[in-house]
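# Working through the structure, step by step
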Amino acid sequence: MRRPDDYPVGLAYDEMFAASGDTRPNYQLLHNRIQTLEAAELADRQQTLERSFLLQGITFTVYGAGDSGTERIIPTDLFPRIIPAAEWAKIEKGLIQRLKALNVFLADIYGEQKIISDGIVPRDLILGAPSYRRQMQHLYVPHNAYVNVCGSDLIRGENGDFFVLEDNLRVPSGVSYMLANREAARRTFPGTFFQAGVKPVERYPDLLLATLKSMAGDFRPNPQVVVLTPGVYNSAYYEHAYLARLMGVPLVEGRDLAVHDDLVYMRTTAGLRRVDVIYRRVDDDFIDPLAFRRDSSLGVAGLFNAYRAGKVVICNAPGTGVADDKAVYAYVPAIIKYYLDEDEILPNVKTFLCRNPSELSHVLANLDKLVVKAVGASGGYGMLVGPHASAAERAEFAQALKADPDNYIAQPTIQLSTAPCLVDGHIEPRHVDLRPFILSGDKVVVTPGALTRVALKRGSLVVNSSQGGGSKDTWVLSDDAPRTGRSEEEAAP
Amino acid sequence: MMLARVADSLYWIGRYVERAEHLSRLASVMLNATLDRTDAGTQAAQLARAAIGDPEPAGDHNPFEAARDLVFDRERSDSVVVSLSRARENARQVRDQITTETWERLNLLFLRATGPQAEHAFNSNAPDFLQEIIADLHLFKGAADATMSHGEGYRFMLTGVHLERAQLISRLLGVCFSGAQGQGIDDHLALVSILRMACALEPYLRVYTADLHARNILEFLLFDEEFPRSIRYATARLDEHLTHLSTGREIGRGDPSRLAGRLNARLCYTDVEDVEAGGASAILNSVELDCTGIHQAMFETFVAYPLEMRLPA
């Protein structure tokens, strides 16, 4: 099989077609299958897929004029993104290495701060970061597992190598889409799924529960775990409810909790019940009005004291944001070297720290080639994609850079790899990234799958769902030689 | 053991779906009755409009528009779409506590009733539209019955259903049999309409045959032990569920199960003769008041209790 003539070739690495035009081996089965389907059949399957998401209520709410928000599904693409076993093996090793190092880093930062004394990471960069929580200083965290759930963003560059673009160590989301996309893909391409031999992702909820329980194992034999959500108006509410349901634990809001004598309770119909582990999907700032933001009503007063007293575990630990700060990111290879004495398996993207005058002048001179990001922002906000920006926008950013260089970093514009997507009935390449999920408690586990986020606008490099991104299922192959067996026609779902 | 907030939401889901079903049925009966261009038809339509709380049932407000408002008016706190939206909003908040099958039924119903096509569907064939909503609500209750554990959460939901039902039916009977319109309803079509509003026509016929009398209808909808929309049936279920929910708990004087037991006993030991002698309004009012009392007591006992009273030992 070869690339069809109307599939445009770009600068980027394409996940399905090699530069020569041949179909890559990992996509062979899927490509064959797509060839047998008429455009109308594809459109039909796409519709069924979207409808099933709507029915399940996998939606986020868009607030516009008027009081009632409209619910939308995150656009989901029909075709899975397929990762060969050998590539995944490297990704997995790299992610484990990285998270281990970052957890030790956090333990050090909130402990003796040796890495600062040794001059590897600048003191002001850490202690001056808004995400640094001095309240966490000298606090015992079981297994040094500060980050229990991590959702790193990886990208594949022009030459086909994977890079880590961001470590999301605070409250990463998207795992429910990984699971829902998988369920949908199993129905859409059952035969291809079977033949390809795809690693399962379905164990994520029970592995998450085991991870959370392991955080309280040394002081409570059968800990009560809860998921703490900001509530039904949060855009990721579906995911909070989904994980609580699949783990079989209560989904609580701040108003369901109360703290008494440093013990945390939830209000049940039969009175108060003790809570041991809180998987919180609420940002640090909002978990406890006594310790952090006083105007927050999403958390519960006294929670942080209970945590300090060791009577409850908060997952992820507060203050992990200091290690996924976009400026600290530049130091992660050095951090890995310092603690593990290893070279990084997954490289960083080259990053210019505008806080260094020489790098700032380089950035200012090359604004039209670089992506500039505000250190504190996330979700695709506060960002300049140089090559796609107007001269006026660049001038505006240059002013901001000069005014507050500490707040910015810059990276070369990387053409993210593209994957085939169904767009208005045509198969077209769109830029994608990869967000795998890593769990860390008494051990570190990577789920063999990921959320592939898609920039649905042609040519766009921004995949965030708040900026018009979609998603697709991600298949990790269990070995790189395809199985033979049932063909698609005779395959039952 | 379940979260207090979750129990409260499940209870409200029960109330809202019951309300949506009842009002859909009233709208449907009203539209049907107006098709007859007789005095009896007009009387039946007026009864229905009084039962939905239309302030001027005799006014010149077009009945079709009245029915459409009853279904779609977002300003009306009890319209069908408002009830469905609230039921679904509550379901979303306890999404982890109800099964996927149950959730999808309610979500589908909500999407259909509030979608862009809904008003068009109503305008082109209102009876069909309403019938589908009622059938979907039955499917929702069936899915809950068939897939949810019949434990505490399910009981909270059913308590909501039966409490709402007792109130709605007593309000309906009040409009029909204790107000000015109720005096001497003897027209066949009007009586049939009343039974239809309580979804009781066929079960009634099997007990009393097609011999329709206001007295029998009152007896059936107040005291029948087996018909699920009689007040007696609803209070018996309230008593049963609240007894289960209160068992093994330290609950003081405000125990909702005591209130439910007392209400149920009153219905057990009253006859239609007593009602005829004293007028229906006395017992119907007391049903409404007791239901309000049970509602309050449940909230104070299970949801909004003072924390210092309930710390574990």
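Residues numbered from 1 in each chain as written. Chains lettered and ligands numbered in written order. Predicted model: local features only at pLDDT ≥ 70, side-chain atom pairs only at ≥ 80, totals over all residues. Heavy atoms only, no water.

### Describing the environment of B:V81
Residue and element names in this part refer to chain B. Here is the rule: Going along the chain from the N terminus, every DSSP run of H or I of four or more residues is numbered as a helix, and every run of E of two or more is numbered as a strand. Accessibility here uses a 1.4 Å probe with only protein chains present; expressed as a share of the type maximum, an area under 20% marks a residue as buried, one over 50% as exposed, and anything in between as partly exposed. In this description, contact between two residues means that some pair of their heavy atoms is separated by no more than 4.5 Å.
Inspection of the secondary structure assignment puts V81 in helix α4 (residues 80-93). By relative accessible area, which is 2% here, V81 ends up buried. Expressed as a C-alpha distance, the spacing of V81 and R112, which sit 31 residues apart in the sequence, is 10.0 Å. When sequence neighbours within four positions are dropped, the list of residues in contact with V81 reads V71, F72, R74, A113 and T114.

### Thoughts on the pattern of salt bridges
Residue and element names in this part refer to chain A. Rules: The salt bridge definition used is simple: a Lys or Arg side-chain nitrogen within 4 Å of an Asp or Glu carboxyl oxygen.
Counted according to the given criterion, the structure contains 45 salt bridges over all chains. Residue D276 pairs with R220 through a salt bridge whose shortest N-O separation is 2.7 Å. Here the residue D276 occupies a position in the loop between β11 (271-274) and β12 (277-280), and R220 occupies one in the loop between α8 (204-214) and β7 (225-228), the gap between them amounting to 56 residues. The class of D276 is buried, set by a relative accessible area of 1%. One salt bridge connects R458 with E428, and the closest N-O pair in it is separated by 2.9 Å. One end of the pair, R458, is in the loop between β22 (452-455) and β23 (469-476); the other, E428, is in strand β19 (residues 426-431), and 30 residues separate them in sequence.

### Thoughts on the confidence of the model for chain B
The condition is simple: You can read pLDDT as the predictor saying how much it trusts each residue, on a scale of 0 to 100.
For chain B, the average pLDDT comes to 88, and 93% of its residues sit at 70 or higher. Scored by ipTM, the complex comes to 0.83, with pTM at 0.89.

### Overview of helix α6 (residues 175-188) of chain A
Residue and element names in this part refer to chain A. Selection rule: What a helix is expected to span follows from its residue count: subtract one and scale by 1.5 Å.
Compared with the 20 Å implied by 1.5 Å per residue over 14 residues, the 20 Å span of α6 between its first and last C-alpha is a close match. The element α6 is extensively covered by neighbouring structure, given that 11 of its 14 residues are classed as buried. Among the residues of α6, those classed as buried are V175, S176, Y177, M178, L179, A180, N181, R182, A184, A185 and T188.

### Some points on the sheet that holds strand β9 (residues 257-260) of chain A
Residues and elements named next belong to chain A. What counts, and what does not: Any two strands are treated as partners once DSSP identifies two or more bridges connecting them. Helix axes are fitted to C-alpha atoms over the stretch in contact, other axes to C-alpha atoms as well, and angles between N-to-C directions run from 0 to 180 degrees.
Ordered in space as β9-β10-β11, the 3 strands form an open sheet in which the pairing is antiparallel. Two strands lie at the open edges of the sheet, namely β9 and β11, each paired on one side alone. Adjacent strand axes in the sheet meet at a mean angle of 40°, parallel and antiparallel pairs treated alike. Taken together, the 4 bridges between strand β10 (residues 263-268) and β11 define a ladder with antiparallel strand orientation. Residue M266 lies in a different strand from β11, and its bridge partner there is R273.

### Some remarks on helix α12 (residues 231-246) of chain B
All names here are of chain B. With 16 residues, α12 extends 22 Å from end C-alpha to end C-alpha; this agrees with the ideal 22 Å at 1.5 Å per step. Those residues of α12 that are buried are in contact with α8 (152-177), α11 (214-223), α13 (256-268) and α15 (280-303). Among the residues trailing α12, G248 stands out with phi positive, at a value near 75°.

### Structural notes on the packing of helix α1 (residues 4-33) of chain B against α15(B)
Residue and element names in this part refer to chain B. For the record, the criterion: Any angle between 65 and 115 degrees counts as roughly perpendicular, while under 35 counts as roughly parallel, over 145 as roughly antiparallel, and the rest as oblique. Classes in brief: Ala, Val, Leu, Ile, Met, Phe, Trp, Tyr, Cys and Pro nonpolar; Asp, Glu, Lys and Arg charged; the others, Gly included, polar.
Between α1 and α15, the least distance of the axes is 9 Å, while the angle of their chain directions is 155°. Viewed along their axes, α1 and α15 adopt a mutual orientation that is roughly antiparallel. Contact residues: A4, D8, Y11, W12 and R15 in α1; H295, M298, F299, F302 and V303 in α15. When grouped by side-chain class, the residues that make up the contact of α1 with α15 number 7 nonpolar, 1 polar and 2 charged.

### A word on the packing of aromatic side chains
Rule in force here: Aromatic rings from Phe, Tyr and Trp, with only the six-membered ring used for Trp, were paired whenever their centres fell within 6.5 Å, and each pair was classed as stacked if the ring planes differed by under 30 degrees, edge-to-face if by over 60, and tilted otherwise. Here, over-ring charges are defined by two tests on the NZ atom of lysine or the CZ atom of arginine: distance to the ring centre within 6 Å, and angle to the ring normal within 35 degrees.
A complete count under the given rule lists 23 aromatic pairs over all chains for this structure. Ring centres of B:F64 and B:F122 lie 5.5 Å apart, and the angle between their planes is 40°; on these two criteria the pair is classed as tilted. With B:F64 in helix α3 (residues 63-72) and B:F122 in helix α6 (residues 118-124), the pair connects residues that are 58 residues apart, well separated along the chain. Of the residues examined, B:F64 reaches a relative accessible area of 27% and is grouped as partly exposed. Judged by relative accessible area, which is 0%, B:F122 ranks as buried. Linked through ring pairs, B:F64, B:F72, B:F122 and B:F129 together constitute an aromatic cluster. One residue, A:R24, lies across the ring of A:Y13, its end atom 3.9 Å from the ring centre. Across the ring face of B:Y233, the terminal group of B:R237 is positioned such that the distance to the ring centre comes to 4.4 Å.

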